[in-house]
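Secondary and tertiary structure notes
Take a look at the letters that make up each chain.
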Amino acid sequence: MYDLIAFVIFLTLGYVFGQLAEKKHYKSIREREGELRKIIAVNSRFPPHDGVQRAGLLVTGSVVISVDYFKRFLAGLRSLLGGRITSYETLLDRARREAILRMKAEARQLGADMVFNMKLETSSISKNARGKIGSVEVLAYGTALVPVKP
Amino acid sequence: MKYRQQPDIPEGINTSHTHPLKEFAFLLTMGLGLVLALSLLIVFSIDWLAERVPYSLEQSMVSTLDQKFSERNAVDDYLQSIADKLKPAMGLPDEAQIRVHYVDDETVNAMTTLGGHIFVYRGLLKKLQSENAIAMLLAHEMAHVKFRHPIKGLGKGVVLSAVFSLIMGQASDVSAQVISRTGSLTLLKFSRDQEQASDELALKAVQQIYHHVNGAEDLFKNLQDKGNGRAEFLSSHPDTLKRIAYLQQLAKQQGWPVEGDRIRVPENIRRLVF
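The structure contained in this document is the topic of the report that follows. (Residues numbered from 1 in each chain as written. Chains lettered and ligands numbered in written order. Predicted model: local features only at pLDDT ≥ 70, side-chain atom pairs only at ≥ 80, totals over all residues. Heavy atoms only, no water.)

1. Observations concerning empty space enclosed by the protein
Rolling a probe over the atoms, with the probe sized like a water molecule, indicates the empty space that remains. All names here are of chain B. Basically, it comes down to this: Buried and open spaces are told apart on a 1 Å grid over the protein atoms alone, a cavity being a set of points where a 1.4 Å probe fits but cannot get out and a pocket being an open set with protein on both sides within 12 Å along at least five of seven lines. Residues with an atom within 4 Å of a point are the lining residues. Grid points are joined across faces, edges and corners, and a volume is the space filled by probe spheres set on the points. Residue classes follow a fixed rule: Ala, Val, Leu, Ile, Met, Phe, Trp, Tyr, Cys and Pro count as nonpolar, while Asp, Glu, Lys and Arg count as charged, and any other residue, Gly among them, counts as polar. Each helix corresponds to a stretch of at least 4 residues labelled H or I by DSSP, and each strand to a stretch of at least 2 residues labelled E; elements are numbered beginning at the N terminus.
All chains considered together, the criterion is met by 2 cavities of 30 Å³ or more. Considering only enclosed or pocket space, the largest cavity measures out at about 40 Å³ in volume. Residue lining of the largest cavity: Leu203, Val213, Ala216, Glu217, Leu247, Gln248, Ala251 and Val258, and that is the complete set. Split by residue class, the lining of the largest cavity holds 6 nonpolar, 1 polar and 1 charged. The volume enclosed by the second largest cavity comes to roughly 30 Å³. Lining the second largest cavity are Leu125, Ile134, Val265, Ile269, Arg270, Val273 and Phe274. For the lining of the second largest cavity, the element with the highest residue contribution is helix H11 (residues 267-273), accounting for 3 residues. When its residues are assigned to classes, the lining of the second largest cavity shows 6 nonpolar, no polar and 1 charged.

2. Description of the nonpolar core
Put simply, the rule is: Residues belong to one nonpolar core when they are buried, are Ala, Val, Leu, Ile, Met, Phe, Trp, Tyr or Cys, and are joined through side-chain atoms within 4.5 Å. Whether a residue is buried, partly exposed or exposed follows from its accessible area with a 1.4 Å probe, protein chains only, as a fraction of its type maximum: under 20%, in between, or over 50%, in that order. The contact criterion used throughout is that any non-hydrogen atoms of two residues lie within 4.5 Å.
One finds Leu79, Leu86, Met90, Ile134, Met136, Leu138 and Leu203 of chain B to be the most contacted residues of the largest nonpolar core, which totals 49 residues. Setting aside anything within four residues of it in sequence, one finds Ile134 of chain B in contact with Tyr78, Leu79, Ile82, Leu125, Leu128 and Val265 of chain B.

3. Comments concerning a nonpolar patch on the surface
What counts is decided by this rule: Exposure above 30% relative accessible area and the absence of a salt bridge qualify a residue for a patch, where like charges join within 9 Å and nonpolar side chains (Val, Leu, Ile, Met, Phe, Trp, Tyr) within 5 Å. Working definition of accessibility: Shrake-Rupley area with a 1.4 Å probe, residue cover restricted to the visible protein chains. For salt bridges, the criterion is a side-chain nitrogen of Lys or Arg within 4 Å of an Asp or Glu carboxyl oxygen.
Among the surface-exposed residues, Tyr2, Ile5, Ile9, Phe10, Leu13, Val16, Phe17 and Leu20 of chain A lie close enough to one another that they form a single nonpolar patch of about 850 Å² accessible area. Leu20 of chain A gets classed as exposed once you look at its relative accessible area, which sits at 53%.

4. Some details on the environment of Ala99 of chain A
Residues and elements named next belong to chain A. Tracing the backbone shows Ala99 in helix H3 (residues 86-109). Between the alpha carbons of Ala99 and Glu121 there is a distance of 9.8 Å; along the sequence they are 22 residues apart. If we skip the residues at most four places from it in the chain, Ala99 touches Gly61, Val63, Val138 and Ala140.

5. Some details on the interface of chain B and chain A
To keep things clear, this is the line we draw: Buried area: the accessible surface (1.4 Å probe) lost by two parts on joining, summed over both. Between N or O atoms, a polar contact is any pair within 3.5 Å; within protein, one atom must be a potential hydrogen donor and the other a potential acceptor, and residues adjacent in sequence are included only when both atoms are from side chains.
The partner chain A presents 39 residues to the 38 residues of chain B that form the contact. Here chain B packs against chain A, burying approximately 3,400 Å² in sum over the two surfaces, 63% of which is carbon and sulfur. Put simply, Glu11 of chain B and Arg30 of chain A hold a salt bridge, and the shortest N to O gap is 3.1 Å. Remark: the boundary between chain B and chain A carries 9 residue pairs in polar contact (both at pLDDT 80 or more). Broken down by secondary-structure element, the contributors of at least two residues to the side of chain B that touches chain A are helix H1 (20-50), helix H7 (149-170) and helix H8 (173-210) of chain B. If one sorts the elements of the side of chain B that touches chain A by residue count, H1 of chain B sits on top with 10 residues. When its residues are assigned to classes, the side of chain B that touches chain A shows 20 nonpolar, 12 polar and 6 charged.

Structural measurements only, silent on function.
Written out as structure tokens, the structure is:
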């Protein structure tokens, strides 16, 4: 009986706080994406040929996001029935965008105007181990180009 | 190559629009429905199979119990004599052996296992003041034997735990727990039904032997004291008050007298038990 109550409480807490955190995060992501829009990030391997001389520097941005109790429960049920795990989609979407934003923030600090050859890598922290928290790390990295005066 | 600034891309391309609560409701209904259907299928097929297991096979599965409890005292024999008296009234087939064992322990309980072995603990026995109450207890346990509840329970336990551990291997911790909990709650419902069926048959047998049902309720009145306060849907037995009410109603319906002389437990047994 008590674990049933505990389960419902965890689920509700997971849902309420998970949703609040997600909303807040999305809002902040959109704001910062606007701010950092002028720093171009592309995954092309070729730097622009516009005559400006630039120095290349490595920039990285990484983020670790944990799944909440509610999302985890949904995903668990999904694994029985099959189909898209929609509860994880927003989680990974946020993680990818946050990683790119952090990478761009680093590039801006270095005075870069663009990042080329950008790549994304995702890794699971707990590797689906039983009883461990499910969290992912997303790493965005690329070569920042900092204009140099001749 | 020229590179341009990334325009503002609308939200929702990489994510789904389904509301999480809607998804939750859908998945929970589907998941639980599936488990419920699976549990029912297993329960009914095991019940069907268990009734076809010969008593002799069941007895040979627990043949070691006979040797282990071969030493018998006066209480064992007293309980056995009541059981033997009840046996014809219970409608038990001849090949169904009933062996009653007295356990010198304070636990307030009695149980039936495979092969018609019934264990009665001193803790429960000393609370029963009359032979009538003891007969009700033994009749209830013998009804379990007649309905093949021990072997059904064993079969269901083994098959369900195998199936659920298979499912659990696929799902994550929490959802697996919810799934298996649903399965065991379904089992508990059947367990409560089994208890009620046994109560019914037991009362009928007691009435046949003693020609009244006075004293039979004592069994449950004592259980009531140790009530665990758990919600009924989480228990293996029906609520004690409900059991008493049901039996009273049954006696009234059938016109069984509720008044009559209770037979005192013999003095030599009292000395050993109380």
